[in-house]
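Structure assessment
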Amino acid sequence: MSDTEDHRRDTYVAGVGIHEFGRFEKPFEEIGKEAVLEALDDAELSVHDVEICFCANTYLPTSAGVRVLKEIGRTGIPNTDVDAACAAGASALSAASALVEAGAADIVLAFGVEKMPRGFMDPTNIYPEWMCHMGLSQNPQYWGLAATRHMHDHGTTRRQIADVAAKNHQNSQYNPNAYYTEPMNREEILDSPVVCDPLHQYAICAPNDGAAAAVICSGDVVETRRLDDAIEILTATHRTEKFPSPMGGTFNASPAGNEPVTTTTAAAAYESADIQPEDVDLAEVQDTNAFGEILWYEQLDFCATGEGGTMIESGATRPEGALPVNVSGGLISKGEPPGASPFGQIHELVLQLRGEAGKRQVSDPSVGLSHVLGAMGQCGITILRA
Amino acid sequence: MTARAFAEGFMTNISTDPYSATLLKTVCRECGTGFFGTKERCENCASEHVEQDELANRGEIYSYTIQRFPPPEPYRLGSTDRDTWNPQPVAYVDIEEIRFIGLVDADPKHVGIGDRVACVIEPGWETEDGEDVLVYKFVPVGDAQ
């Protein structure tokens, strides 16, 4: 999407908004409305300017998008609700950007909202019944399986996994929109109960409520309306995983010679954005468990396969390091309202690229990367440039 | 007393005295990818040239985890009471060209990557009509303990 000959059709994030992530009594319509209004305000646009809307969510009833829009004002625009598990927001962003780039619209609203059911998520939503009956349906199981193998193949340690969680729990001190803002250190994480070996409780994220929104517009609109704070979208790439996809909900994991979906999505994203992984200045990645972040360092090509543990130890991904990852606190501290989480990442990246991230501000970033990965191997990578 | 498999397409030759069954696999004739159970199309390359066969019952642990908390409902193999839950090893096991997930009947302290296991069949629970539902699990064999 970058370097189009016709820059009028480049795509931008004109504004972002967020409703803090946590647990709230208010209905999802309220939560979504607040994030959307903040994004429109940030873009200095009105709901009347929006031509098309996408609403990402995974656990809401039908017609969530329109239910949010009616709290703002029914302007009659087309709306599509999007589900792609934890990558729903990225999928929505992909579609929104594609429409703007294609000239089908100039201003598109994409937002994610979630209000999670209390207690256990119904596993039959994702797993075949027999796996639930046999106890093969526990959420961090497949992550535990992946981590154990990675430790065997590459020498990754529980300490390194805990260091990722500690980093993110420390980062969240400065994020008022995060759910957990108490800093934690490595020992506290390793002292927390083990859920599925080798993953400790405080190295795993919890689902919660929240919303975040982005107003996407064309280069044409940025120019004519002088939207100086607009941030360019170099790419919004979405892919589904080839076989196997041992990401929850499946029981077959036979090797078939395919790359994992984060690897393939990243390669496609870097090519589409015409950048190299070294050009990325900061990243917000899917840390639903802390081991995952180590894996993403490798699969996003920030380091070689097997070197993810070394990378966290090097300090490179700390806020003051060469490639800060999850300065927002990550999903581990923010919690995860699945539909909203990619937009939460975009919100953070936009603030950082504008230099408006306050205490979380990293040093002079130009290029930010957002990565989300959901059940059934649905992956979205969005790259922004100041 | 009759018995059936935990789900359609996974077992054949089911008998109850003693409990036994043959597990099934499907292998794609075009790309060679293998799947536990029955498939009509290859999940890898979309080919319809897939062949069902019997799954051998010896394999090796590729990876494992230990489930320290009871799983969510609907669980049928026992109680989900936190106080009585025993840590349960779960593994990916390689049998021929198939890698699939299953429970491991072993002491959590003695489960390791590379352990040789056998795949055994046993009754898991009873349906409302009193029929036994047969399940599979992995059991360490040989020197691996």
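Now for a quick tour of the structure. Computed from a predicted model, the values in this text were never measured in an experiment.

It is worth spelling out the interface of chain B and chain A at this point. Taken together, the 39 residues of chain B in the interface contact 32 residues of chain A. The junction of chain B with chain A conceals about 3,300 Å² of combined surface from both sides, 63% of it contributed by carbon and sulfur atoms. It is P72, Y92 and R99 of chain B in chain B that bury the most area against chain A; as a group they hold 18% of the surface buried on that side. Ionic pairing is found between D197 of chain A and R68 of chain B, a salt bridge with its closest N-O pair at 2.8 Å. The tally of links between chain B and chain A comes to 17 residue pairs in polar contact (both at pLDDT 80 or more).

All names here are of chain A. Reading across from one edge, β3-β2-β4-β7-β1-β8-β11-β10-β9 is the order of the nine strands in this open sheet, with mixed pairing throughout. Where the open sheet ends on each side, the last strands, each with one partner, are β3 (79–82) and β9 (282–284). Ignoring strand direction, the axes of neighbouring strands in this sheet form an average angle of 20°. In the sheet, strand β2 (residues 52–56) pairs with β3 via four bridges, with the strands oriented parallel. The residue of β3 that forms the bridge with A56 is V82. Its contacts with the sheet place helix α9 (residues 261–273) against β8 (231–240), β10 (367–374) and β11 (378–385), and it is angled at close to 145° to β8.

Under the criterion given, the structure shown has 20 aromatic pairs over all chains. Plain terms: the ring middles of Y142 of chain A and W143 of chain A are 5.6 Å apart, the flat faces sit at 40° to each other, and that makes the pair tilted. Between F6 of chain B and F10 of chain B, the aromatic rings sit 4.8 Å apart at their centres with planes inclined by 40°, giving tilted as the arrangement. The burial state of F6 of chain B is the same as that of F10 of chain B; both residues are buried. Three or more aromatic residues joined by ring pairs form one cluster here, namely W130 and F251 of chain A together with F6, F10, F36, F100, Y136 and F138 of chain B. The residue whose ring lies beneath K26 of chain A is F24 of chain A, and the NZ or CZ to ring-centre distance is 5.8 Å. The aromatic ring of Y62 of chain B is capped on one face by R99 of chain B, whose charged end is 3.4 Å from the ring centroid.

Conventions and cut-offs
Residues numbered from 1 in each chain as written. Chains lettered and ligands numbered in written order. Predicted model: local features only at pLDDT ≥ 70, side-chain atom pairs only at ≥ 80, totals over all residues. Heavy atoms only, no water. Contact = heavy atoms within 4.5 Å. Buried area = accessible area lost by both parts, 1.4 Å probe. Salt bridge = Lys/Arg side-chain N within 4 Å of Asp/Glu carboxyl O. Polar contact = N/O pair within 3.5 Å; in protein donor to acceptor, adjacent residues only side chain to side chain. Pairing = 2+ DSSP bridges. Helix = DSSP H or I, 4+ residues; strand = E, 2+ residues; numbered from the N terminus. Axes fitted to C-alpha atoms, helices over the stretch in contact; angles between N-to-C directions. Phe/Tyr/Trp six-rings, centres within 6.5 Å; stacked < 30°, edge-to-face > 60°. Buried < 20%, exposed > 50% of the residue type's maximum accessible area, 1.4 Å probe, protein only. Lys NZ or Arg CZ within 6 Å of the ring centre and 35° of its normal.

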